[in-house]
Amino acid sequence: MSTPEIIVIGGGVSGLSCATELARAGRRVQVWTATAPQQTTSSVAAAFWYPYRVDPIERVGPWAAVGYERFASIANNLTLGPKVGVYMREAIELFTEPVPDPPWSRYVDMFRHATPEELPPGYRHGIVFEAPVIEMPVYLPWMVSELDRYGVEIVIRRVDSLAPALDLAPIVVNTTGLGARELVGDARVYPVRGQTVRLRRGALDRVLIDEHGPHGITYVIPRGSDVVLGGVAQDHVESLAEDPEQTVAIVQRCARVEPRLVGAEQLGVSVGLRPCRDEVRLDHEVHDGKLIVHNYGHGGSGVTLSWGCAEDVRQRVADHCG
Ligand SMILES: Cc1cc2nc3c(=O)[nH]c(=O)nc-3n(C[C@H](O)[C@H](O)[C@H](O)COP(=O)(O)OP(=O)(O)OC[C@H]3O[C@@H](n4cnc5c(N)ncnc54)[C@H](O)[C@@H]3O)c2cc1C
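As the structure is a computational prediction, the values presented were derived from the model and not from experiment.

**Some remarks on the packing of helix α1 (residues 13-24) against helix α9 (residues 302-321)**
Then, in step 1: Running from N to C, α1 and α9 cross one another at 40°; their axes reach a closest spacing of 8 Å. If you check the angle between α1 and α9, you find them oblique. For α1 against α9, the interelement crossing comes out right-handed. Residue-level contacts link V13, S17, C18, T20, E21, L22 and R24 of α1 to G302, V303, S306, W307, A310, E311, V313, R314 and V317 of α9.
Then, in step 2: When its residues are assigned to classes, the contact of α1 with α9 shows 8 nonpolar, 4 polar and 4 charged.

In structure tokens:
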């Protein structure tokens, strides 16, 4: 390909979404990534549209709303959605005490309060809504093929600084997630370890979430042929090894609220490190006429925010280029 106008560093969902958005806008883009997209944190995301472990809410809300619309339009295209691993599913979030409606409730379809009959024992409140589920091992390869269609090359290359990219291109987008700690020396980025268990899906088709319950985070996310059970959120823990005790505990917690999981075949366990930060870094700087856009620190919501942040990045590039 001819010299890229933009180098996106990072091949997770943030980088691939930015590259797609920019390529669709007619920009010549190249992606540099230390690991193949299927080996990123993004590939182990559960992944349900839901703003979780991410701030600030006044920026997150509009980004999440864009993501909702984009994923819903893919899912509602019934020839495309299942092929690329994007589904709309009804979800119920459970609470042991009544709580105010979440600030994002206005962005989702079919929002309502659960009826008492819908609440498992021990819960006194629930919200029901429809939201996208994204099966990352299917979705990420589709994004790669989309980028290929736009002529965007994905180069496996780790860099120690932004300099090599800035030497080649006038615009660099930094979507390195946890890697931003070292790449740009950002000490505000830290890992929050997550572990999930995959079981065969059977007839389950409703997402179930209990983020605040006394037994720990519990979620059940039916995808295509499997269902992802979670979860774990361990601040500053870097281990990618499975914790077998957590595996057992996750399955027990989930089966308590969804008894149909009992006896389902276990298909695998995944561990990933959420790239958390006190707030998402989406800003830009100009050095010697070159534009650097930073887009990382999406915590437990990188998939949810991917398209909204990519739009924001595209707009910053357009403003810079005039
Ligand atoms: C168990 C679990 C469940 C989750 N569930 C959900 C969910 O349901 N919904 C949701 O929205 N989110 C979820 N998340 C969060 C989501 O996975 C992350 O927020 C998201 O993957 C972040 O994407 P990213 O592209 O910014 O980072 P990453 O996926 O980590 O990608 C970073 C990229 O940068 C590259 N890189 C890093 N350093 C360098 C360097 N020096 N040089 C070159 N390349 C570099 C890496 O190789 C990689 O390609 C979950 C996370 C976990 C762990």
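**Describing the packing of α1 against helix α5 (residues 136-149)**
Then, in step 1: Between α1 and α5, the shortest axis-to-axis distance is 10 Å and the interhelical angle comes to 30°. Here α1 runs over α5; the crossing is left-handed. Touching V13, L16, S17, A19, T20 and R24 of α1 are M136, Y139, L140, M143, V144, E146 and L147, all from α5.

**Looking at the packing of aromatic side chains**
Then, in step 1: Inspection of every chain in the model, using the stated rule, returns 8 aromatic pairs.
Then, in step 2: When the ring of W104 is compared with that of F129, the centres are 5.0 Å apart and the planes differ by 65°; the resulting orientation is edge-to-face. Of this pair, W104 sits in the loop between β3 (86-95) and β4 (109-113) while F129 sits in strand β5 (residues 125-134); the two residues are 25 residues apart in sequence, bridging distant segments of the chain. No difference in accessibility class separates W104 from F129, as the two residues are buried.
Then, in step 3: Centroid distance Y139 to W142: 5.9 Å. Interplanar angle 40°. Geometry classified as tilted.

Scoring rules and cut-offs
- Residues numbered from 1 in each chain as written.
- Predicted model: local features only at pLDDT ≥ 70, side-chain atom pairs only at ≥ 80, totals over all residues.
- Heavy atoms only, no water.
- Axes fitted to C-alpha atoms, helices over the stretch in contact; angles between N-to-C directions.
- Helix = DSSP H or I, 4+ residues; strand = E, 2+ residues; numbered from the N terminus.
- Parallel < 35°, antiparallel > 145°, perpendicular 65-115°, else oblique.
- Left-handed = near helix turned anticlockwise from the far one by under 90°.
- Contact = heavy atoms within 4.5 Å.
- Nonpolar A, V, L, I, M, F, W, Y, C, P; charged D, E, K, R; others polar.
- Phe/Tyr/Trp six-rings, centres within 6.5 Å; stacked < 30°, edge-to-face > 60°.
- Buried < 20%, exposed > 50% of the residue type's maximum accessible area, 1.4 Å probe, protein only.

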